[in-house]
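# Survey of secondary and tertiary structure
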Amino acid sequence: MFDVAGTTLSDADIDRLTHPMAGGIILFARHFQDRAQLVALTDAIRAVREDILIAVDHEGGRVQRFRTDGFTVLPAPGKLGALWDKDVLLATKVATAFGYVLAAELRACGIDMSFTPVLDLNYGQSQVIGDRALHSDPRVVTMLAKSLNHGLALAGMMNCGKHFPGHGFASADSHVALPTDDRTLDEILDNDVRPYDWLGMSLTSVIPAHVIYTQVDAKPAGFSRVWLQDILRGKLGFNGAIFSDDLSMEAARAGGTLTEAATAALTAGCDMVLVCNQPEEAGRVLEQLRYTPTKESEHRLKQMRPRGKALRWSKLQAQPEYLAARALIKETLS
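Attention here is on the structure that accompanies the text.

Definitions and cut-offs
Residues numbered from 1 in each chain as written. Predicted model: local features only at pLDDT ≥ 70, side-chain atom pairs only at ≥ 80, totals over all residues. Heavy atoms only, no water. Pairing = 2+ DSSP bridges. Helix = DSSP H or I, 4+ residues; strand = E, 2+ residues; numbered from the N terminus. Contact = heavy atoms within 4.5 Å. Axes fitted to C-alpha atoms, helices over the stretch in contact; angles between N-to-C directions. Salt bridge = Lys/Arg side-chain N within 4 Å of Asp/Glu carboxyl O. Buried < 20%, exposed > 50% of the residue type's maximum accessible area, 1.4 Å probe, protein only. Phe/Tyr/Trp six-rings, centres within 6.5 Å; stacked < 30°, edge-to-face > 60°.

## Details of the sheet that holds strand β5 (residues 113–114)
Strand pairing in a sheet takes place through backbone hydrogen bonds and is either antiparallel or parallel in direction. Here we have three strands laid out as an open sheet, ordered β1-β2-β5, and parallel in their pairing. Of all the strands in the sheet, the pair left with one neighbour each is β1 (24–27) and β5. Contacting β1 and β2 (53–56), helix α2 (residues 35–48) runs over the sheet at an angle of about 165° to β1.

Rendered as structure tokens:
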């Protein structure tokens, strides 16, 4: 999975899209001028590769790529946790509305999935997580994520829990450094990993953290067979898709060159690897990568395709469920 160079497709983008190892496109704020342009871009991508998975990081709060021209500006997910502390049942209702609005608006613009929800626990010390986390209590995180995932599903969208096994305790930002977490395996399993276990079949995909858990493995979780195969697949029985975090991030450089990192992540158990903000480098990875996915891996990725036909934007704006969900978010979280 990689991104395109600009707001329209170039010939080089089309060449990369038609490569047999191309599996997905990720979009960022720089790919968005307005909704009409975004729809034209996703339509153009789909015209080249109908089966390509188009994704975005669109969580709400600090991480929301599209915020104008009608898109609902969603609050930080931590606001849902704060609401839970006041009114549990209302919080679950609002979390479902949150997921539905997020997914319905993206799908109306031709986007298949958002890498959400964040399942990290808010320990109050992570530079990069903070209010992206739903709560500090794994039980609350699980219940709110389950409701949010239900909202995504109502709009036909799959979900993605991140950053397994948990980025909330490590203070460094993996975009610019390689964080470490020195806790024991039992402590991590008893806290941070709980949401991944408790969500069970409602969790459709996962992104592992670019964090080294020094008491468990010398490799970051996204390159670790211990975390991905032994614990996530084996101990937890997770059968969904595993996406790497961005291999362009500083913390991923422990994997060597981008091609070496991609190979290491796929070999460790990822089904798809992300190379973001470097389309030309992603093209080199496509050419250099020598990897044959298993039938099981291909099936897991096919399962990430959205369900049902998406409502176009004009019809969505008149849909009572959408209007009610958006009003509820505004009333309770603004």
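## Focus on the pattern of salt bridges
Following the criterion strictly, the structure yields 18 salt bridges and no others. Close ionic contact of D13 with R16 constitutes a salt bridge, the shortest N to O distance being 3.1 Å. Remark: R16 and D13 occur in helix α1 (residues 11–17); sequence separation between them is three residues, near one turn of the helix. For R16, a relative accessible area of 11% gives the class buried. Note that D181 and R183 form a salt bridge whose closest N and O atoms lie 2.8 Å from each other. Judged by relative accessible area, which is 5%, R183 ranks as buried. One salt-bridge network, in which partners are shared between bridges, spans D57, E59, R65, R132 and K162.

## Observations regarding the sheet that holds strand β6 (residues 161–164)
Reading across from one edge, β6-β8-β10-β11 is the order of the four strands in this open sheet, with parallel pairing throughout. The outermost strands of the open sheet, each flanked by one partner alone, are β6 and β11 (272–274). Geometrically, the sheet is characterised by an average inter-axis angle of 25° between neighbouring strands, direction not taken into account. Where strand β8 (residues 205–208) and strand β10 (residues 241–246) come together, two bridges link them in parallel fashion. Across the sheet, residue S205 finds its bridge partner in β10, namely A241.

## So, the packing of aromatic side chains
All told, the structure shown has nine aromatic pairs when counted by the stated rule. Centroid distance F164 to Y196: 5.0 Å. Interplanar angle 80°. Geometry classified as edge-to-face. Taken together, the residues span a long stretch of sequence, with F164 in strand β6 and Y196 in helix α7 (residues 194–199) at a distance of 32 residues. Of the residues examined, F164 reaches a relative accessible area of 0% and is grouped as buried. In textbook terms, an aromatic cluster arises when at least three aromatic residues are bridged by ring pairs, as seen for F32, F66, F71 and W313.

## Notes on unusual backbone geometry
Backbone torsion omega between K162 and H163 reads 5°, so that peptide bond is classified as cis. Note the cis peptide between F164 and P165, where omega equals 0°. Its location among the elements puts P165 in the loop between β6 and β7 (180–181). A positive phi angle, close to 55°, is found at D69, a residue other than glycine. Topologically, D69 is positioned in the loop between β4 (63–64) and α3 (78–84). One non-glycine residue with positive phi stands out, namely N277, at about 65°.

Function-wise, these values are silent; they only describe arrangement.
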